[in-house]
Amino acid sequence: MSYMLPHLENGWQVDQAILAEEDRVVVVRFGHDWDPTCMQMDETLFKIAPKVKNFAVVYLVDITKVPDFNKMYELYDPCTVMFFFRNKHIMVDLGTGNNNKINWAVTDGQELIDIIETVYRGARKGRGLVVSPKDYSTKYKY
């Protein structure tokens with residue numbers, strides 16, 4: 001479903017997308033359209049995009065076509081989702097130790113909506129780090 005979501009084709013477009021939004025969270029998925037993990041994430045993002053359109057906007061960036069941010073944001077994983085609000089990177093404490101990004105496919109749409117809503121509410125209050133509504137650390141997986 002990646003073809004249904006807006007793609008940003010160069011570094012300038014990414015910067016402008018992040019700069020232009022004043023009242024909504026910018027959700028950027030860095031990765032490749034052909035990657036299986038990204039395909040799962042794109043499917044979830046496509047499903048929730050209409051539901052979060054009032055407080056978030058979703059963009060996709062191919063890290064091969066737009067390598068500008070690979071070093072800056074340490075985009076070494078096949079699929080990475082990051083959040084920005086008013087030109088500021090918003091970190092999310094997911095319990096994984098990496099607060100900068102989500103680097104796995106979230107397949108449950110409601111979970112992702114909850115994360116985006118938490119980011120939005122925290123960012124509106126001026127917080128640069130928000131705590132995820134669900135703990136994704138391994139301690140609860142067994």
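- The name that an unreviewed UniProt entry assigns to the protein chain is Thioredoxin-like protein, with the source organism given as Caenorhabditis brenneri.
- What the UniProt record of the protein chain gives under Subcellular location (unreviewed entry) is the line "Nucleus".
- Entered under Sequence similarities (unreviewed entry) in the UniProt record, the comment concerning the protein chain runs "Belongs to the DIM1 family."

**Observations concerning the pattern of salt bridges**
Then step 1. Tallied over the entire structure, the rule returns six salt bridges.
Then step 2. Asp-42 serves as the salt-bridge partner of Arg-29, at 2.8 Å between the closest nitrogen and oxygen. Taken together, the residues span a long stretch of sequence, with Arg-29 in strand β2 (residues 25-31) and Asp-42 in helix α2 (residues 36-52) at a distance of 13 residues.
Then step 3. The class of Arg-29 is buried, set by a relative accessible area of 0%.
Then step 4. The exposure class assigned to Asp-42 is buried, which follows from its relative accessible area of 0%.
Then step 5. One salt bridge in this structure joins Glu-111 and Lys-134, with 3.1 Å as the shortest N-O distance. Here Glu-111 is found in helix α3 (residues 109-124), whereas its partner Lys-134 is found in the segment after β6 (129-131), with 23 residues between them in sequence.
Then step 6. The network of salt bridges with shared partners includes Arg-29, Asp-33 and Asp-42.

**Points about the nonpolar core**
Then step 1. Of all hydrophobic cores here, the largest spans 31 residues; its most connected members are Val-27 and Phe-83.
Then step 2. With seven residues, the top contributor of residues to this core is α3.
Then step 3. If we ignore the near neighbours within four places in the chain, the residues touching Phe-83 are Val-25, Val-26, Val-27, Lys-88, His-89, Ile-90, Val-92, Ile-102, Ile-115, Ile-116 and Val-119.

**Description of the environment of Ala-17**
Then step 1. With respect to the helices, strands and loops of the structure, Ala-17 is situated in helix α1 (residues 11-20).
Then step 2. Looking at Ala-17, the relative accessible area reads 8%, which means it is buried.
Then step 3. Separated by eleven residues in the primary sequence, Ala-17 and Pro-6 place their C-alpha atoms 11 Å from one another.
Then step 4. Beyond its immediate sequence surroundings of up to four residues, Ala-17 is in contact with Leu-8, Val-26 and Tyr-59.

**Considering the packing of α2 against α3**
When two helices pack together, their arrangement is given by the angle between the helix axes and the distance between those axes.
Then step 1. One way to put it is that α2 packs onto α3 with a least axis distance of 9 Å and a crossing angle of 60°. The angle between α2 and α3 falls in the class oblique. Between α2 and α3 lies a crossing of right-handed hand. Residues Met-41, Thr-44, Leu-45, Ile-48, Lys-51 and Val-52 of α2 form the contact with α3, whose participating residues are Gly-109, Leu-112, Ile-113 and Ile-116.
Then step 2. Residues that form the contact of α2 with α3 fall into these classes: seven nonpolar, two polar and one charged.

**A few points about the packing of aromatic side chains**
Then step 1. Per the counting criterion, the structure on display carries seven aromatic pairs.
Then step 2. Taking the centre distance of 6.2 Å and the plane angle of 50° together, the rings of Phe-30 and Phe-69 count as tilted. Here Phe-69 lies in the loop between β3 (56-62) and β4 (79-85) and Phe-30 lies in strand β2, a separation of 39 residues in the sequence. With respect to class, Phe-30 is no different from Phe-69; both count as buried.

Rules and cut-offs
- Residues numbered from 1 in each chain as written.
- Predicted model: local features only at pLDDT ≥ 70, side-chain atom pairs only at ≥ 80, totals over all residues.
- Heavy atoms only, no water.
- UniProt positions renumbered as here; feature names shortened; annotations may be inferred.
- Salt bridge = Lys/Arg side-chain N within 4 Å of Asp/Glu carboxyl O.
- Helix = DSSP H or I, 4+ residues; strand = E, 2+ residues; numbered from the N terminus.
- Buried < 20%, exposed > 50% of the residue type's maximum accessible area, 1.4 Å probe, protein only.
- Core = buried A, V, L, I, M, F, W, Y, C linked by side-chain atoms within 4.5 Å.
- Contact = heavy atoms within 4.5 Å.
- Axes fitted to C-alpha atoms, helices over the stretch in contact; angles between N-to-C directions.
- Parallel < 35°, antiparallel > 145°, perpendicular 65-115°, else oblique.
- Left-handed = near helix turned anticlockwise from the far one by under 90°.
- Nonpolar A, V, L, I, M, F, W, Y, C, P; charged D, E, K, R; others polar.
- Phe/Tyr/Trp six-rings, centres within 6.5 Å; stacked < 30°, edge-to-face > 60°.

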